[in-house]
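# What the coordinates show
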Amino acid sequence: MIEEKFYKDLVEIRRHLHSFPELSEQEFATTAFLHEKLTSWGIEILPSNLKTGLVAKIGRGEPVIALRADIDGLPVLEETGLPFASRNVGVMHACGHDLHMTSLLGAAKILKEREQEIQGTIKLIFQPSEEHGTGANMVLESGLVADVQAFIGYHNMPTLGTGVIGLREGGVMAAVEQFYVTVTGQGSHAAYPHEGIDPILATSAIVQNLQQIVSRNVPPLQAAVLSVTHIEAGNTWNVLPSTAVFEGTIRTFDEEIRQMTKARFIEVVEATAKAYGVQVNIEWIMGSNLTYNDPNLTKLVFEETKKWHECTENDIVPSSAGEDFANYQTQAPSVFAFIGSNEPGSSGLHFADMLVRDEALLVAVEYYLKSSFLILDKLKK
């Protein structure tokens, strides 16, 4: 376990980061803070074209693994009442990325002190823009992790007891699609709807029809979610508008189901639009893959973790939330755990009153450290 003095230092770091959250692709002060801490500990920062975020490294030679933490906050007005609550009004670390960053900083300092023991290279990814689902691809496209043979990550879980580690093989977080649909009809006076083509009526029908995809096209024992979350049309009471828009998300846990659901989405939207005489334009704004835990590496980490801490697989249900950590898995196998950061009954991720306990740092740092040496040793053989 980490020393008490260093733990207190990490608590201060975590609370500082919590007080100054920044939105995706705007994490300039956060990046500068991370850069200063790492360089003060003698850790090499790799030169890059990343606008925000950074990649550092410890050790040398092969094998090469990477530890990842995300660094962006959310556009949420904090309601925790904490003495170190966000000072950037309207922005909050409501997903616990402050905990992720701090635990990776803690692991980085200890790994640097133990650098002579490292048989290979450990890269440290402080990733921007996870909430937009674009940050992992930015890091991959930078070439900074092109040589990485395994990725290690975790996400805090405020509804899981503090420090409990949840780990299971296979899919753990859903593949995500974000759609934005524009429905174009013809405006008219509300008193003369026959002179126009009503996009509101058409949009209502499209949204209703989309609800049958999961219930009638997805096998009952497969999981999928299709949610329309925002509809907008018109600006007054007595005029039918010419356009309407709606947006939302699809979440799936199987690639075949993912592709089928997207295809059916397009078919339903276009067929319903034709029936109502409107035109539609479908935009796919963002997509991320299924977060999938490599069975071999996950079993290895799970069995080792049980030796030093409480680790469960039975209580961990795959989450329909998404994680762009999944995009690293297109390059190399990975392990992604859940680490409890509060208590059952607590508010969940993205809530304005979500609380994360500092004590979770102790376990998160150890998870990074022990998993690093374990997987390096596995890849070395």
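Use the structure listed above.
For the structure given in this document, a descriptive report is provided here. (Residues numbered from 1 in each chain as written. Predicted model: local features only at pLDDT ≥ 70, side-chain atom pairs only at ≥ 80, totals over all residues. Heavy atoms only, no water.)

## Topic: the overall build of the chain
For clarity, the cut-off: Secondary structure elements are taken from DSSP: a helix is a run of H or I of four residues or more, a strand is a run of E of two residues or more, and numbering for both begins at the N terminus. We compute the radius of gyration from the C-alpha atoms alone; for a globule the expected value is 2.2 Å times N to the 0.38, where N is the number of residues. Residue exposure (1.4 Å probe, protein chains only): buried if accessible area is under 20% of the type maximum, exposed if over 50%, otherwise partly exposed.
Along its length, the chain carries nine helices and 16 strands. Compactness check: the chain gives a C-alpha radius of gyration of 23 Å against a globular reference of 21 Å for 381 residues, within 12% of the reference. For the C-alpha atoms alone, the extent of the chain along its principal axes is close to 80 × 45 × 40 Å. Evaluated residue by residue, the chain yields a buried proportion of 52% over its 381 residues.

## Focus: the pairing of strand β4 (residues 121-127)
Filter applied, for reference: When DSSP finds two or more bridges between two strands, those strands count as paired. A clockwise course of the path from the first strand over the helix to the second, judged with the strands pointing away from the viewer, identifies a crossover as right-handed.
Where burial is concerned, most of β4 is hidden: seven out of the seven residues are buried. Because side chains alternate across β4, one face comprises the buried residues T121, K123, I125 and Q127, and the other comprises I122, L124 and F126, equally buried. Two strands pair when backbone bridges link them, and strand β2 (residues 54-59) and β4 are joined in this way by six bridges, in the antiparallel orientation. Bridge pairing in β4 links I58 to I122. Sheet analysis places strand β3 (residues 64-70) next to β4, joined by seven bridges and oriented parallel. Looking across to β4, one finds that I65 is bridged to I122. In terms of handedness, the path from β3 via helix α3 (residues 97-113) over to β4 forms a crossover that is right-handed.

## What about unusual backbone geometry?
Note the cis peptide between E62 and P63, where omega equals 0 degrees. Even without a glycine there, the phi angle at E25 is positive, about 65 degrees. Its identity as a non-glycine residue notwithstanding, H350 has a phi of 75 degrees, on the positive side. Mapped onto the elements, H350 comes out in the loop between β16 (334-342) and α9 (360-380).

## Examining the packing of helix α5 (residues 199-210) against helix α7 (residues 255-276)
Note the following rule: Between the N-to-C directions of two axes lies an angle of 0 to 180 degrees, each axis being a line fitted to C-alpha atoms and, for a helix, fitted only over the stretch in contact. Crossings are assigned a handedness: left-handed for a near helix turned anticlockwise from the far helix by less than a right angle, right-handed for a clockwise turn. Throughout, a contact is declared for two residues whenever any of their heavy atoms are within 4.5 Å. Three residue categories are used. Nonpolar comprises Ala, Val, Leu, Ile, Met, Phe, Trp, Tyr, Cys and Pro, charged comprises Asp, Glu, Lys and Arg, and polar comprises the others, including Gly.
Where α5 meets α7, the axes come as close as 9 Å, and the angle between the chain directions of the two elements is 145 degrees. Crossing of α5 against α7: the hand is right-handed. Of the residues in α7, those touching α5 at L201, A202, A205, I206, N209 and L210 are F265, V268, V269, T272 and Y276. Here the residues of the contact of α5 with α7 are counted per class, giving nine nonpolar, two polar and no charged.

## Topic: the nonpolar core
The nonpolar side chains of soluble globular proteins are, as a tendency, buried together. Quick reminder of the rule: Only buried residues count toward a nonpolar core, which is a set of Ala, Val, Leu, Ile, Met, Phe, Trp, Tyr and Cys residues joined through side-chain atoms within 4.5 Å.
Core analysis: the largest hydrophobic core is formed by 57 residues, its most contacted members being L38, L124, F126 and Y367. It is α9 that contributes the most residues to this core, 11 residues altogether. Not counting residues up to four positions away in its chain, the partners in contact with L124 are L38, I43, L54, V55, A56, I58, L67, L104 and A108. Among the nonpolar cores identified, the runner-up in size contains 23 residues, and L50, I125, V139 and V145 belong to it.

## Points about α7
Cut-off, in case you're wondering: Multiplying one less than the number of residues by 1.5 Å gives the expected span of a helix. The arc in question is the one spanned by the directions pointing from the helix axis to the C-beta atoms. We call two N or O atoms a polar contact when they sit within 3.5 Å, provided that within protein one can donate a hydrogen and the other can accept it, with sequence-adjacent residues counted only if both atoms are side-chain atoms.
Counted at 1.5 Å a residue, the expected span for α7 with its 22 residues is 32 Å, and the 32 Å between its end C-alpha atoms agrees. Among the residues of α7, I257, R258, T261, K262, F265, V268, V269, T272 and A273 are the ones counted as buried. Down the axis of α7, the sector holding all buried residues measures 135 degrees, keeping them to one side. With respect to the buried face of α7, the exposed residues turned more than 90 degrees away are E256, K274 and A275. Among the structural elements, β7 (170-184), α5, α6 (212-217), β9 (224-233), β11 (243-252) and β12 (279-288) are those in contact with the buried residues of α7. Its side-chain oxygen 2.9 Å from the backbone nitrogen of E256, D254 forms the N-cap of α7. Among the residues trailing α7, G277 stands out with phi positive, at a value near 75 degrees.

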